[in-house]
Amino acid sequence: MRFLNVAVIVGCTSAGLTTAAESPSWYVIAGLGYGQKSGMDQVGSNRDTICYPTDACFVETPVRRIPGYRWRYAIDLDAGAGFELGVGRELDNWRFELTATGTGHDMTQTFSAIEYLDGSRRLPGDGTVVADVEASIDSVRTAIVALSVLRKASIRRMKAYFGVGVGTAVVVVRGVRFRANYRSRAPTQFDPPLSFYNSRQDDDLYAAAGAAFVHLGADYPLTQRVSLGARFTYTHVGGIEDRSYYSYHPMHEQDIWFTNENTFDAASGWQLGATVRYHFRRR
């Protein structure tokens, strides 16, 4: 009888330890990574009705009004760094994480084409007037708040996992610049003077977009509370659109708030990072 009582006590104690080991636990996570992103080709447009001195329509009588302009640029994104901060909860073989991430990539802009807004070709003039045009973009910064669901799969001491996530991204395209200055190759007088047609823009673009993730990683426990890990994440962020103003533009005589619109395609990329997890005391 005494033996039976001891067996019952030991069995209950063991069951309690097993339940505690498998009980839900909270943790915080931090990480740094490095990755590559592609996409974000640019299409811009405005409702500029002016025919410029470099175009064939400039010598027409009368000079016709233009429906507007549409331009295209190919975008190359350099590799960049990122960070991750979050809080998570483990429940059996699942992990649920709420994270805030940030990434940054330098951008290179390559001119592709320009046309009138109705799709017709922009025909060049006789070459008497030339335009010195400069266009560039500095970088893109992306901040994402996301919820991820991860499935654990232990391999000896390594705690491997995989999963998916969704979130909302705020995308900032920094240093969108454009400058066009007109000059004549011949001693010709223009009315209005060629400086009237000059324009300039220097702005940052902001927009929100949806984001989706695929995660693959593993953690190695250093102590009962601290784990070091590696995480590979594939991210897709939707396209964005924003409106911006010119510093000066010939259309300002008609509309001081004259704007253009720029859209950027969706971006996809990967990031490989190192993570640290700290587990709070289990109840």
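Basis of the calculations
- Residues numbered from 1 in each chain as written.
- Predicted model: local features only at pLDDT ≥ 70, side-chain atom pairs only at ≥ 80, totals over all residues.
- Heavy atoms only, no water.
- 1 Å grid on protein atoms, 1.4 Å probe; cavity = no way out; pocket = protein on both sides within 12 Å on 5 of 7 lines; lining within 4 Å.
- Points joined across faces, edges and corners; volume = space filled by probe spheres on them.
- Helix = DSSP H or I, 4+ residues; strand = E, 2+ residues; numbered from the N terminus.
- Nonpolar A, V, L, I, M, F, W, Y, C, P; charged D, E, K, R; others polar.
- Buried < 20%, exposed > 50% of the residue type's maximum accessible area, 1.4 Å probe, protein only.

Some details on empty space enclosed by the protein
Applying the stated criterion to the full structure yields two cavities of 30 Å³ or more. Taken as a whole, the largest cavity spans an internal volume of roughly 410 Å³. As for the largest cavity, its lining consists of 35 residues, and the residues nearest its centre are Thr103, Phe213, Thr233, Thr235 and Gln271. By residue number, the principal contributor to the lining of the largest cavity is strand 13 (residues 267-279), which donates eight residues. Residues that form the lining of the largest cavity fall into these classes: ten nonpolar, 21 polar and four charged. Here the second largest cavity is characterised by a volume of approximately 60 Å³. The wall of the second largest cavity is formed by Lys37, Met40, Thr142, Val171, Val237, Gly238, Gly239, Ile240, Phe264, Asp265 and Ala267. Class assignment of the residues belonging to the lining of the second largest cavity gives a composition of six nonpolar, three polar and two charged.

Focus on unusual backbone geometry
The omega angle of the peptide bond from Thr61 to Pro62 is -5 degrees, so this bond is cis rather than trans. Secondary-structure assignment places Pro62 in the loop between strand 2 (42-46) and strand 3 (69-77). Here the bond from Asp191 into Pro192 is cis, since omega is 5 degrees, no more than 30 degrees from zero. In this fold, Pro192 is placed in the loop between strand 8 (158-184) and strand 9 (199-221). Residue Met40 is not a glycine yet carries a positive backbone phi of 65 degrees. Considering the arrangement of structural elements, one finds Met40 in the loop between strand 1 (25-39) and strand 2. With relative accessibility at 4%, the residue Met40 sits in the buried group.

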